[in-house]
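# Commentary on secondary and tertiary structure
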Amino acid sequence: MPVIEYVYSAHSAFAYLGSERLMEVCADHQVKLVHRPILLTPVVEAQNSLPFGARTQPHVDYFFGREIERWAEYRDVPIIKFRPTHHDADYSLASGMILSLGNSGSQVDKMAHNILRAHWRDDADLSNQETLETIATDLDHDAQHLLQQAGSESIQEKLRENSDWAMKQNIFGSPTYI
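Residues numbered from 1 in each chain as written. Predicted model: local features only at pLDDT ≥ 70, side-chain atom pairs only at ≥ 80, totals over all residues. Heavy atoms only, no water.

## Re the sheet that holds strand β2 (residues 32-37)
Here 3 strands make up an open sheet; going across it, the order is β2-β1-β3 and the pairing mixed. Among the strands making up the open sheet, the edge pair consists of β2 and β3 (176-177). As paired strands, strand β1 (residues 3-8) and β2 are joined by 6 bridges and run parallel to one another. Within β2, the position partnered with V3 by the bridge is K32. Helix-sheet contacts for helix α9 (residues 153-168) involve β1 and β2, and the interaxial angle to β2 is about 100 degrees. (Pairing = 2+ DSSP bridges. Helix = DSSP H or I, 4+ residues; strand = E, 2+ residues; numbered from the N terminus. Contact = heavy atoms within 4.5 Å. Axes fitted to C-alpha atoms, helices over the stretch in contact; angles between N-to-C directions.)

## Side note on the environment of K158
Along the chain, K158 turns up in helix α9. Using a relative accessible area of 34% as the deciding quantity, one classes K158 as partly exposed. As for K158 and R36, which are separated by 122 residues in sequence, their C-alpha atoms are 9.3 Å apart. (Buried < 20%, exposed > 50% of the residue type's maximum accessible area, 1.4 Å probe, protein only.)

## Digging into the packing of aromatic side chains
If you walk through the whole model with that rule in mind, you get 3 aromatic pairs. Centre to centre, the rings of Y6 and Y177 are 5.8 Å apart; their planes meet at 15 degrees, and the pair counts as stacked. Separated by 171 residues along the polypeptide, Y6 in strand β1 and Y177 in strand β3 bring together distant segments of the chain. Classification of Y6 as buried rests on a relative accessible area of 0%. When its relative accessible area of 39% is taken as the criterion, Y177 is described as partly exposed. Ring plane angle 85 degrees and centroid distance 5.5 Å describe the contact between W71 and Y74, whose orientation is recorded as edge-to-face. In this pair, W71 and Y74 are both assigned in helix α4 (residues 66-75), 3 residues apart and thus about one turn of the helix distant. These aromatic residues form a ring-pair network of at least three members: Y6, Y8 and Y177. Here the guanidinium or amino end of R36 rests over the ring plane of W165, the centre of that ring lying 3.7 Å away. (Phe/Tyr/Trp six-rings, centres within 6.5 Å; stacked < 30°, edge-to-face > 60°. Lys NZ or Arg CZ within 6 Å of the ring centre and 35° of its normal.)

As structure tokens, then:
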């Protein structure tokens, strides 16, 4: 079975915009989708890209403005018309929820998509435990158990390992498909 390694940040606009279509393509062509959520900032900066905080306001306005809107229109994906309020919050627990379910399969696909959608459609705070509980419960998971796993040292270490791996692979953005 062919495999696509899906390297992405749990708060990436472009991962959200392509998420549903990627999962459809994988299902239609019997491709295994392997999720590799990462911490985006260290991965991007490891490639000598300009740190997010050092980017000019016109760059940020374009990247988080019209470019995302155009892709949302093209993909017919609902999206908020502003940069998410809590975009700079710690999303490691949300990433841990994805990793807690494994690295492939329909439950992982659904969790990843719902986290991305909550952030970019509903302006959800991915660092807020109640928000993450709601996402998990909506997918029929035991939210408390899943969040406990997500915050565990072993799962958070896996997130750091994914990020380190991405740096070694010269990944420079989210999403990246290998």
